[in-house]
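Spelled out from the first residue to the last, the chains are:
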Amino acid sequence: MSHSEARFTVRSLIATAIGTIIATVIVLEASGKIDHSDNKDHVPVGEFEAIHIKPGEQFRMSPKSSELHAVCEQGFLAIAADVDPDFRGILVDYKNRGVRCSRGPAPVQEQPEQERQEPANNE
């Protein structure tokens, strides 16, 4: 098949593909198939990396600041968004253990009322 016999141009095929994707997203949004959760629980605030720095060693870091800041929340380090101060997440390690704000002892977590009661003695 020669170029003169081609029915569609590459541009028209690309435009059709992009138009189809946009139309699909609009239809899914209008029909409610795309779920936008308002529940901010268990939503990761972001992914973080620790940079190990040896004394006297220089490291490179982006000159732009992130749109997050750290606060101490009940003895644990929390990351909060600058644009939404109510959106906070406690920083945890790979085993889901909270990262403390200081080197002191770990904060004591209050137990629910049921767990505080001592079991009855069956003697």
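Turning our attention to the pattern of salt bridges. Taken as a whole and judged by the stated rule, the model has two salt bridges. Ionic pairing is found between arginine 88 and glutamate 73, a salt bridge with its closest N-O pair at 2.4 Å. Residue arginine 88 is located in strand β3 (residues 88-90), and its partner glutamate 73 is located in strand β1 (residues 68-73); the two are separated by 15 residues in the primary sequence. Salt-bridge contacts for aspartate 93 lead to arginine 97; the nearest nitrogen and oxygen are separated by 2.7 Å. When its relative accessible area of 27% is taken as the criterion, aspartate 93 is described as partly exposed.

Here the focus is the pairing of strand β2 (residues 76-81). Counting buried residues in β2 gives five out of six residues, a clear majority hidden from the surface. In this structure, β1 lies alongside β2, joined through six bridges in antiparallel fashion. Bridged to histidine 69 within β2 is alanine 80. As paired strands, β2 and β3 are joined by three bridges and run antiparallel to one another. For alanine 80, the partnering residue across the bridge sits in β3 and is arginine 88. Taken together, β2 and the strand that follows it, β3, pair antiparallel across an intervening segment of six residues.

Calculation criteria
Residues numbered from 1 in each chain as written. Predicted model: local features only at pLDDT ≥ 70, side-chain atom pairs only at ≥ 80, totals over all residues. Heavy atoms only, no water. Salt bridge = Lys/Arg side-chain N within 4 Å of Asp/Glu carboxyl O. Helix = DSSP H or I, 4+ residues; strand = E, 2+ residues; numbered from the N terminus. Buried < 20%, exposed > 50% of the residue type's maximum accessible area, 1.4 Å probe, protein only. Pairing = 2+ DSSP bridges.

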